[in-house]
Structure formats: C-alpha cells, structure tokens
Amino acid sequence: MLQEGALAGLKVLELTDQVSGQVAGSFCARLLGDAGADVVKVEPPQGDHYRRSGPYPGGVPDPDCSGMFLYLNSNKRGVSLDIESPEGRAAFQDLVAASDFLVSGQNSAEVERLGLRRERSAASNPGLIVVTITPFGLTGPNSAYLGDDLIAISSGGMAYATPGIPDRVEDPGREPPLRSSTHMAGYLAGVQGAMAGVAALLSRSITGTGCEIDLSMQEAVAAVMPFELAHASYHEAKPRRPEVFGVMPNTYLPCQDGYVVVMAVMDAHWRNLMDIADNPDWAELEVFSSGVERARNWDALEPLLLEWTMAHTGAEIAQLAQERGIPCFPAYTVGQMVDSAHVIERGFMIDMEGSGGQRFKLPGYPVRLERTPWQFFRPAPKLGEHTSEVLGEWLGYTASQVSTAGVEAR
Amino acid sequence: MTKPLLPLEGVRIADFGQIIAVPYTAQMLAWLGAEVILIETEDRLTTRAWPPFAEAEPGVNRSGGFNLVNSSKMSCTLNLRDPEGVALARQIIAVSDVVVENYSSGTMERMGLGYEDVRALRPDVVYLSLGAFGRTGPMKDLVGFHSVINLFSGLASVTGHKGSHPRIMGGLFPDAFSGCYCVLALLEALYHRANTGEGQHIEVAMTEVLATILPEAVMEYSLDGTEPERVGNRHQEKAPHGVFRCPGDQNWVAISVESDIQFRALAKIAGSPRWADDPRFSTTEARLSHQDELEPLIEQWTEGLPVQEVVESLQAAGVPAGPALDSAQVLADPHMVQRGFVQSPDHQVVGPRPMGAFSWTVNGVQPAIPRSAPLLGEHNKKVMQELLQVPDEEFERLLENGVIR
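Worth saying up front: this structure is predicted, and the values here are computed from it rather than measured.

**Describing the overall build of chain B**
Now for step 1: Helices and strands together make up the secondary structure of chain B, namely 17 helices and 14 strands.
Now for step 2: If you line up chain B on its principal axes, its C-alpha atoms span 85 × 50 × 45 Å.
Now for step 3: Out of the 405 residues in chain B, the part that is buried amounts to 56%.
Now for step 4: The contacts in chain B between residues at least 6 apart in sequence include a share of 66% that link residues at least 24 apart.

And the structure:
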C-alpha cells in the first residue's frame, strides 16, 4: 500500500511568472507535493517558461519533455488558464477560494497586478496561507526591483564570498564575484518558502487562520551565510584577497586526472600524509612542523604537494589516504557523482524515460522520512492535462464552464 | 497584548548538532518557538573555539561562528564519554519531542543514543540524523566538510571561470542549505505527529542535498555523457549576464538582461543607444555569441559609476541589476534592515551583534525575534534541576565528577 505523505489532503495552488519563469515558486510548490499535498499548477495557454528551456531527451524541443519542467513540476497536476481573460481570472479566483495554500513566484509588481495578496481572498477563505516569493520581497525600499538568480546571489552576499574557503581568489582585481551555473537562489528560496509554509500550517492548527508569507530571494541567500555574516558582525568582513588562514593543508589540488581534496589539518593526518607521499626530505622541515606553520608557509608547501598529487590519480590518492584515516577525496564531475557506487547504492537518482524511449536520470529527494517517505507520486503534467479534472473536482465546474475558462489538453 | 503563539511552542528539542548544518536547523526551530537544549561539552569545542571572535579576541562565548547558529537555545554541558553523562542525556531525550544529530555515522548508536534506543524511551520521537554522505552506502563512514561536499556533489564542477578550475561556493553553503531541508522535514514530521501521534526517523545526506540543484547537468550527463562546462557568470539564455567592476576597491555590480527591450534600455542608460542596433548585439541570440566583445563595453561604462547609481538607473528602466554585497554590506543594507531581516540580539558577553534572521515575514512582520546564543553551560542548573529534578547535592556531585562539563 502506498503510504500517504505528511501533507496528504491539503490543496496547493501554484502560479509562477508567466513570462520569465521562476524556479523558486515552482520548487516550493513541488516540495509541498513531495510531502503528499494535492498541488495544482496554473499555466498560461502557451505553457510555463521552463517547458521551453530544456534540456530535451531527444535534443528536439518538446514542451512536455523539457528537463527543467519535468524536474520542477513532478508531483503536481496541471491546469491551463488564461488568467488575463475575465473567465480565466474568475476560475483562478475560485481555485484560490478552495485552496489551503497559494504559492506564487513573481516579481512584486505582478503580485499586485494579479491580485495575489492574501487580503484579496481572506474573507472567502480565512484559512488560506499565501506564500509569495519575489526577488526583494513585497515591502522595503527596493521591493519594486526586478531580479533573477544572478541578482539574488549577488545582492544576498554569496557571489562576493565565492570562491569560498578553502578556495581563494587568484586575482581579486580582475576576478569578479562568482555564481554557480545553477538556479541556486531559486532552490534556496523554494525550500525556505516550503519551510515557511509548513510553519504557517502548524500555526493555523493553533489559531485557525492562515497568513501571508512574504519571502525575499535576496534574504533567502543571505540567510544561509551565518558564518560569513558572523565575520562582519564580530570582527570584519572577509576580504577578497588571496589568503590562506587557519591550518593547512585543507584544500584541493590538481592531480593526474582532475582534482583531489588534500586535507591533513591534524598532526597525525599530516604524518600519515607524508608517509603515503613516501616521506620526501622536506616533510621534516621546521617550516612545515604544524598546521599553523604550514598555513604560514603555504606558498612554499603548495608546489611541493602539487608535484606529488600530479604524479597520481585522484582515486589512488584517496584510497591511500582513506586507508590511513585521512579525509581525502577525488573531486567529482557531475558524471562521476551520478555513476558513483555510493549514489547508486543509495538509489538517489530517479530513472526517467523520454517520449522517444530515451532513458535519463534526475536528482531524487535528499531526505528519507521513515513514516512519510518521499514518493514519485506522478510525473510533471502535460500542458492542460488536468484542467477539466481539477475544475470539476475542486469546483464542480461543468464541461461547458471548463471550456469557457480553461484550455483543454491538446 | 499577549504574545502571539509561535508554531513550535511546547516542542522540546535535544540538539546534538555539530559545527553548522544541524545547529543551524535547531536554531531555526528555536526561533519558531521550540525549546532547544544544546548538549555540548567544554572538552570538545568546535565553533566556540574557532574565529571569528568578537574584536578578534578568543573566548568560548565570543565566537560569531557559534553565536550566529545557536541563538535562542539553552546550553547544557554534558561529558558523553562518561556513562553518567549519557544517562543524563537519555533523561533529557525522554522528555523531548525531537532529537537532532550529525555526529559521524554510528557515534550516537555507540553511546546508546541511536534511534532505536531513543524510541524505547520516547515512542513518538522525531529523530533526525544528517551526514555528509548519509547513513547508508559505501561512503557512509567518511567524514566530509563543506569543501568535500561541494567537490563530491559535482557543484564545484559547474562553478568557476571559463577554462579555469572548479571553485567552492562561499558561505559554507552546503551546511545551511542542508539545514533548510532538515527544517522542512522536521516541520512535516511534527505536523504528521500532531495528526497521527506517530514519530519517525529522518535521514539526510548533504551530498544529495547539493545534487538537488543540478537537474540539468544530471540529465544531460545521463542522456549522452556530456559534462557541463564552467562558464563563469554567463547564462545560456541571457546576455549580458555578469558581474562588472565599478570604481574603487572591490565594488561590483550584477546585471542580467533577459530581453531585447531590456538591452535597448541598458544601451540608452549607458549612453550608447547604438549598441541596440549593432548586429552583434541587437538580439539575444547575437549577444549570446558576442559576449567577449559586449562585456568589456559594459564594464567600461560601469567602471565610471558608483554601484548604487548603476543599480538604480537600470532598475528604474526595468533592467534587473543588483550590487554584489559583501557580508558587512548585507548587515547594513537599508532594505533588509527595514524588512527586519537584520536583528541584533544583545549577548551577555559581546553585546548586541547584527545577524540574519528570517528570510520571510508573516503578515508583514518577522515571525519571531531571535534571542542571543547561550553562554557555555549557561542552562546547566535550569535543565538539571528544573527539568530533570536533580537534587542540589547530586548536581554538585555531577559537577565535581566532571559529568557536567
């Protein structure tokens, strides 16, 4: 028997930016679906932005098989509505009135224009929990600012802090603050939006009423950097300059076939590391005698260690090191991670199949809840796949009402 | 006016968190109203013994790294190498709703504090274990800090400048991001428990948490073996999309243009409206293939203007832009300060210190205000005597014997 998720029986309505798309709102709603809620995604007649973003299993654009769309929208049903038309807007408002959650991922001007604030619906649905995820929030001097992942990662302080410890900026004058080639801020805001939503649900159990959650992507980024903020709060902001501090080695170095983490911060680790490096004559030098000394003299030590790592593969070094209890690892590419025995044995990746039979994988869920486990309840919807089903089930719409309001599956 | 009820009021948490990920998780739950008892010992200090210290002066109560991930908690010091210390920990657990831990795999079990042991004490306990690689699989026993998790997950391989080496994301991102997934899971489990009376075990692998932000790369690799390239700050659908230099030392502005209309607006503001008619730049497709030529032109413009002026003029014209703030600028940002994100709880030893609080407001206000982090062992008496009813002379004996330390 399929177990029910923790949020079984709750209704979630999602509306995400119809033009530019937003990872945060879609991911937030998916996480609620991952926990068993009945999530309905509202898309415009031309479909969600991420239906057009790929990657595509056969390399040929197909709005029902875009990888980003499949990933962000599993465990949801899909309704297609033209909310710019009076009939579509009325149907949308009816869906809001029937929901426990309204999740929206927009910029703040769109939130106001589309009437997505809770005050609009609170009278007819006092239990409604509204989660809005916007670039800078709905209040404050910069609330009208537009933003995307790059802007959030930058204005939230993470780009400035990258590369982080134990990495370092090579040429601070020329090397700009950096993002990763991911939608990191969107996922951060999405998870935090789901957290805020479930916290509001627990509050609703006490008070009986819903609330409006106003989540800022900028703050969602800043909120995961307590250690970085601690530097500014307690002493001084960490400067962007080449520096090594603490104890070394605690870094990663190029090796024969990629990169390898070389970590020997404790003296026992260092002696073992020198053992597996065949005890070179420099191992006993006074300037390398402690972790602090090795940090102070890192410019001299780094090329010596590099000579050793470049003579080996990452796997060789990792194996020798792990046998001696030293925490060294080869740096993995995405492919090496996907193919690693560890990831395979834990069954983390989900196996998918494209419409042409192409087999591929997507990341699964990183949390195992024993009693309310994550499940792949359903794949992402085709455009408009559940319009009549949901309008009928949630609102009791007849077939003719559906055809006025919605767009049927092709 | 009565204080509004917080969602986790009445929930008690035994926090065996180490370093950042689980301490961060428990801190968020403490902010949401839970009573969190941090179980630590002066014999095995981590973040308390690490910089940054207030004014760079070391001290167990002076570390910002500790105080900013342990606010609103109580501190109880127990020597868990002593069977009596473990017995007291079991007593705390017996009256707790939630246990959270991120020791190395097997450590809690060896102390008799594993999930099965705890469930015998408290059948409806919600028990969360987090590990770098999780609690199962061939790498479960390996220890990994944030850099290892960046490098194993493949995240570092999509972070870095074109043609250069992989880079580690700043801000110890894997720890706090894992913490967010942990908070979500615990809130769901508590909701489930409220509905059914049933507790459960929760297991989290930090490497998997990071892999959840890599769907495109995982999909492309699994389709045809393509590994992603490092492309710096560039984007596959938007151009220009980067971080550009402004005058002075380390002042940078992020600009992201997603349409031709936005590019036309940028060109006009930059005083070069003709860029928009240049065939190299007139469409997104053209700009994507001429970024090497376009980026220096934009930087020539930004290098003459303060960051704030670039941001304000672009935003006023509907072009997404923002400053690349450093951490001091984040804490001083008028926008985030006004929204209540920046809070400064007053600490007994180091005074008021700014920190980041909730990334969201509820009905326009922060859901709660953090209290400062506890001093080492500050709540020993409260926990031992008020909660566990340990008599005075027994408390003194436990102190003398080094069980409470």
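Back to the text.
**Digging into the sheet that holds strand S2 (residues 38–43) of chain A**
Now for step 1: If you trace the seven strands from one edge of the open sheet to the other, you get S3(A)-S2(A)-S1(A)-S4(A)-S5(A)-S6(A)-S14(B), paired in mixed fashion. On the outer flanks of this sheet lie strand S3 (77–80) of chain A together with strand S14 (360–362) of chain B, each paired with one strand and no other. Sheet twist, expressed as the mean angle between neighbouring strand axes with direction ignored, is 20°.
Now for step 2: In the sheet, strand S6 (residues 212–216) of chain A pairs with S14 of chain B via three bridges, with the strands oriented antiparallel. Residue Leu 215 of chain A lies in a different strand from S14 of chain B, and its bridge partner there is Trp 360 of chain B.
Now for step 3: Relative to the sheet, helix H6 (residues 184–207) of chain A contacts strand S4 (101–105), strand S5 (129–134) and S6 of chain A together with S14 of chain B, its axis offset from that of S5 of chain A by approximately 160°.

**Concerning the domain arrangement of chain A**
Now for step 1: As assigned here, chain A comprises domain 1 (11–226 + 349–405) and domain 2 (250–333).
Now for step 2: One C-alpha centre belongs to domain 1 of chain A, the other to domain 2 of chain A; they are set 44 Å apart.

**Things to note about the interface of chain B and chain A**
It is common to report an interface's size as the accessible area lost on association of the parts.
Now for step 1: Taken residue by residue, the interface counts 123 residues in chain B and 116 residues in chain A.
Now for step 2: Top element by residues in the side of chain B that touches chain A is helix H7 (residues 173–196) of chain B. It accounts for 15 residues.
Now for step 3: Its residues assigned to classes, the side of chain B that touches chain A comprises 73 nonpolar, 36 polar and 14 charged.

**Here we look at the nonpolar core**
Now for step 1: Of all hydrophobic cores here, the largest spans 253 residues; its most connected members are Leu 29, Leu 184, Leu 186 and Val 253 of chain B.
Now for step 2: In this structure Leu 29 of chain B touches Leu 8, Ile 13, Ala 34, Val 36, Val 183 and Leu 186 of chain B, once residues within four positions along its chain are discounted.

**A short note on the sheet that holds strand S5 (residues 126–131) of chain B**
Now for step 1: Ordered by their spatial adjacency, seven strands build an open sheet running S11(A)-S6(B)-S5(B)-S4(B)-S1(B)-S2(B)-S3(B), and the pairing between neighbours is mixed. Edge strands, defined here as strands with exactly one partner in the open sheet, are strand S11 (367–369) of chain A together with strand S3 (74–77) of chain B. Averaged over all pairs of adjacent strands, the angle between strand axes in this sheet comes to 20°, irrespective of strand direction.
Now for step 2: Note that strand S4 (residues 98–101) of chain B and S5 of chain B share four bridges and pair parallel. For Val 99 of chain B, the partnering residue across the bridge sits in S5 of chain B and is Tyr 127 of chain B.
Now for step 3: Packed on one face of the sheet, helix H3 (residues 83–94) of chain B meets strand S1 (12–16), strand S2 (35–40) and S4 of chain B and runs near 165° to S2 of chain B.
Now for step 4: In this fold H7 of chain B packs onto S11 of chain A together with S4, S5 and strand S6 (200–205) of chain B, with an angle of close to 165° to the strand it touches most, S5 of chain B.

**Details of the environment of Leu 294 of chain B**
Now for step 1: Positionally, Leu 294 of chain B belongs in helix H12 (residues 291–302).
Now for step 2: When the C-alpha positions of Leu 294 of chain B and Ala 239 of chain B are compared, they lie 8.9 Å apart, and in sequence the two are 55 residues distant.

**Structural notes on the packing of helix H1 (residues 21–31) of chain B against H7 of chain B**
Residue and element names in this part refer to chain B.
Now for step 1: One can describe the packing of H1 onto H7 by two numbers: an axis separation of 8 Å at closest approach and a directional angle of 45°. In terms of orientation, H1 and H7 fall into the oblique class. Handedness of the H1/H7 crossing: right-handed. Residues Ala 21, Val 22, Tyr 24, Thr 25, Met 28 and Leu 29 of H1 touch H7, and the partners they reach there are Asp 175, Ala 176, Ser 178, Gly 179, Cys 182, Val 183 and Leu 186.
Now for step 2: In terms of residue class, the contact of H1 with H7 is built from nine nonpolar, three polar and one charged.

**Observations concerning the domain arrangement of chain B**
Now for step 1: Domains assigned within chain B are domain 1 (12–212 + 338–400) and domain 2 (241–245 + 251–325).
Now for step 2: Summarising the inter-unit geometry, the C-alpha centres of domain 1 of chain B and domain 2 of chain B are found 43 Å apart.

**A few points about the pairing of S6 of chain A**
Residues in a regular strand point their side chains to alternate faces of the sheet.
All names here are of chain A.
Now for step 1: Among the five residues that make up S6, five are buried, leaving the element largely enclosed by the rest of the structure.
Now for step 2: Side chains of S6 alternate between two faces, with Glu 212, Asp 214 and Ser 216 and Ile 213 and Leu 215 buried alike.
Now for step 3: For S5 and S6, the ladder comprises five bridges, and the chain directions are parallel. When the sheet's bridge partners are listed, Thr 132 is paired in S6 with Asp 214.

**Observations regarding the environment of Pro 363 of chain A**
Now for step 1: Note that Pro 363 of chain A resides in strand S10 (residues 359–363).
Now for step 2: Distance in space between the C-alpha atoms of Pro 363 of chain A and Ala 97 of chain A is 34 Å, their sequence separation being 266 residues.

**Quick notes on helix H16 (residues 380–387) of chain B**
Residues and elements named next belong to chain B.
Now for step 1: Within H16 the residues assigned to the buried category are Asn 380, Val 383 and Met 384. Here the buried residues of H16 occupy an arc of 90° about the axis, which is enough to place them on one side.
Now for step 2: Looking at the buried positions of H16, the neighbouring elements they touch are S2, S3, H3 and helix H17 (392–400).
Now for step 3: Two residues or fewer past H16, Gln 389 is found with a positive phi of approximately 60°.

**Let's talk about the pairing of strand S7 (residues 250–255) of chain A**
All names here are of chain A.
Now for step 1: Two strands pair when backbone bridges link them, and S7 and strand S8 (residues 258–263) are joined in this way by six bridges, in the antiparallel orientation. The residue bridging Thr 251 from the neighbouring strand is Val 262, located in S8.
Now for step 2: Connecting the antiparallel pair S7 and S8 is a turn made up of two residues.

**With respect to the confidence of the model for chain B**
Now for step 1: For chain B, mean pLDDT is 95; residues scoring 70 or higher make up 99% of the total.
Now for step 2: Overall fold confidence (pTM) sits at 0.97, and the ipTM for the predicted complex is 0.98.

**Topic: the environment of Thr 209 of chain A**
Residues and elements named next belong to chain A.
Now for step 1: Considering the arrangement of structural elements, one finds Thr 209 in the loop between H6 and S6.
Now for step 2: For Thr 209, a count of 14 C-beta atoms within 10 Å gives the class partly exposed.
Now for step 3: With near-sequence residues (within four places) excluded, Thr 209 lies in contact with Pro 126, Gly 127 and Arg 204.

**Focus: unusual backbone geometry**
Now for step 1: Pro 52 of chain B follows Pro 51 of chain B through a cis peptide bond whose omega is 5°.
Now for step 2: By secondary structure assignment, the location of Pro 52 of chain B is in the loop between S2 and helix H2 (64–67).
Now for step 3: Its identity is not glycine, yet Asn 75 of chain A carries a phi of approximately 60°, on the positive side.
Now for step 4: Phi at Asp 278 of chain A takes a positive value of approximately 65°, unusual for a residue other than glycine.
Now for step 5: Here Asp 278 of chain A is to be found in the loop between helix H9 (267–276) and helix H10 (291–296).

Calculation notes
- Residues numbered from 1 in each chain as written.
- Chains lettered and ligands numbered in written order.
- Predicted model: local features only at pLDDT ≥ 70, side-chain atom pairs only at ≥ 80, totals over all residues.
- Helix = DSSP H or I, 4+ residues; strand = E, 2+ residues; numbered from the N terminus.
- Buried ≥ 20, exposed ≤ 12 C-beta atoms within 10 Å, placed from the backbone.
- Contact = placed C-beta atoms within 7 Å.
- Pairing = 2+ DSSP bridges.
- Axes fitted to C-alpha atoms, helices over the stretch in contact; angles between N-to-C directions.
- Domains from an automatic or database assignment.
- Nonpolar A, V, L, I, M, F, W, Y, C, P; charged D, E, K, R; others polar.
- Core = buried A, V, L, I, M, F, W, Y, C linked by C-beta atoms within 7 Å.
- Parallel < 35°, antiparallel > 145°, perpendicular 65-115°, else oblique.
- Left-handed = near helix turned anticlockwise from the far one by under 90°.
- Arc of directions from axis to C-beta.
- pLDDT = per-residue confidence, 0-100.

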